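What follows is each chain in one-letter form.
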Amino acid sequence: NPVLSKRARVQSPAQKLRTDLCELLEHRGILWRRNLEHDLPHSWQRHGDLVLLSGDCFCDPLWKQLGTELWMQVASSLGVKRVAKQGRIQNDGWRTPNVTMLLGDDGWVEHVDNGIRYSFDVTKCMFSAGNIVEKQRLSALCCSKETVVDLYAGIGYFTLPFLVHAEAAFVHACEWNPHAVEALRKNLEINQVSHRCQVHEGDNREVGIIHFSGKKKIFC
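Note that the structure is predicted; figures quoted are calculated from it, not measured.

Let us look at the layout of surface pockets. There is about 490 Å³ of room inside the largest pocket. Surrounding the largest pocket, 24 residues form its lining, Trp-94, Tyr-152, Gly-154, Glu-175 and Trp-176 being those nearest its centre. Mapped onto the lining of the largest pocket, the elements with two or more residues apiece are β8 (170–175) and α7 (204–207). In terms of residue class, the lining of the largest pocket is made up of 12 nonpolar, 7 polar and 5 charged. Per-domain counts for the lining of the largest pocket show at least three residues from each of domain 1 (13–106) and domain 2 (131–218).

Taken as a whole and judged by the stated rule, the model has 8 salt bridges. Arg-18 is paired through a salt bridge with Glu-37; the nearest N and O atoms lie 2.8 Å apart. Remark: Glu-37 occurs in the loop between α2 (13–27) and β1 (45–47) and Arg-18 occurs in helix α2; sequence separation between them is 19 residues. The class of Arg-18 is partly exposed, set by a relative accessible area of 30%. Among the salt bridges present, the one from Arg-33 reaches Asp-60, with a minimum N-O distance of 3.0 Å. Of this pair, Arg-33 sits in the loop between α2 and β1 while Asp-60 sits in the loop between β2 (50–53) and α3 (68–78), and the two are 27 residues apart along the sequence. Residue classification places Asp-60 among the buried positions, given a relative accessible area of 14%.

The terminal C-alpha atoms of helix α6 (residues 178–190) lie 19 Å apart, and with 13 residues this matches the ideal 18 Å at 1.5 Å per residue to within 8%. The complete set of buried residues in α6 reads Ala-180, Val-181, Ala-183, Leu-184, Asn-187 and Leu-188. Projected onto a plane normal to the axis of α6, the buried residues spread over an arc of 165° and lie on a single side. Structurally, α6 contributes buried residues whose contacts are with β5 (108–113), β6 (116–121), α5 (159–164), β8 and β9 (197–201). Capping the start of α6, Asn-177 holds a side-chain oxygen 2.9 Å from the backbone nitrogen of His-179, two or three residues further along.

About the criteria used
Residues numbered from 1 in each chain as written. Predicted model: local features only at pLDDT ≥ 70, side-chain atom pairs only at ≥ 80, totals over all residues. Heavy atoms only, no water. 1 Å grid on protein atoms, 1.4 Å probe; cavity = no way out; pocket = protein on both sides within 12 Å on 5 of 7 lines; lining within 4 Å. Points joined across faces, edges and corners; volume = space filled by probe spheres on them. Helix = DSSP H or I, 4+ residues; strand = E, 2+ residues; numbered from the N terminus. Nonpolar A, V, L, I, M, F, W, Y, C, P; charged D, E, K, R; others polar. Domains from an automatic or database assignment. Salt bridge = Lys/Arg side-chain N within 4 Å of Asp/Glu carboxyl O. Buried < 20%, exposed > 50% of the residue type's maximum accessible area, 1.4 Å probe, protein only. Expected span 1.5 Å × (residues − 1). Arc of directions from axis to C-beta. Contact = heavy atoms within 4.5 Å. Polar contact = N/O pair within 3.5 Å; in protein donor to acceptor, adjacent residues only side chain to side chain.

In structure tokens, the structure reads:
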């Protein structure tokens with residue numbers, strides 16, 4: 001057999017996970033079945049030491065036979081300490097995630113995005129990685145003399161880029177999800193910009209009327 005190069009011998013995280021799970025099943029005396037191939041995760045979200053799996057993986061009843069040992073192996077293979085699995089977003093007005101902790105009890109994580117630290121509970125708040133282009137666009141703005149009103153602040157997706165990178169003079173952040181508000185206040189503190197932001201908790205239709213006296217403002 002030809003000797004593979006060092007680069008060719010390196011496995012991707014998905015390949016390593018498959019290899020480790022094959023060995024785990026073999027150790028348990030369980031034969032690997034072809035349909036299990038499609039039941040493995042091929043992508044996931046990683047937030048610090050927690051990996052968030054999609055809801056369409058590990059659905060075969062066979063995996064239940066492994067119990068906690070399965071999730072310990074997944075964590076070891078992917079180099080994390082906690083494992084969670086997400087389902088459908090709840091239709092409750094807050095878009096609350098339907099996340100189950102599989103290994104570990106605490107859902108709080110920290111995610112660094114565009115040089116900004118975001119802390120949130122994955123079981124209570126979503127993290128949208130797809131708006132990074134918009135975050136970068138806002139970060140490039142010059143807002144040193146501007147007052148910004150963020151009507152849907154969430155955990156600070158755009159509030160923080162305005163404050164940290166665009167250097168807005170002040171931001172009014174409006175949010176009605178109490179779990180997102182908790183994360184937002186924490187993120188303002190850990191990024192050291194809380195002194196330039198006022199959080200308005202509640203429905204914008206009730207608390208979103210903010211009066212300004214001759215100051216320029218940007219609404220987002």
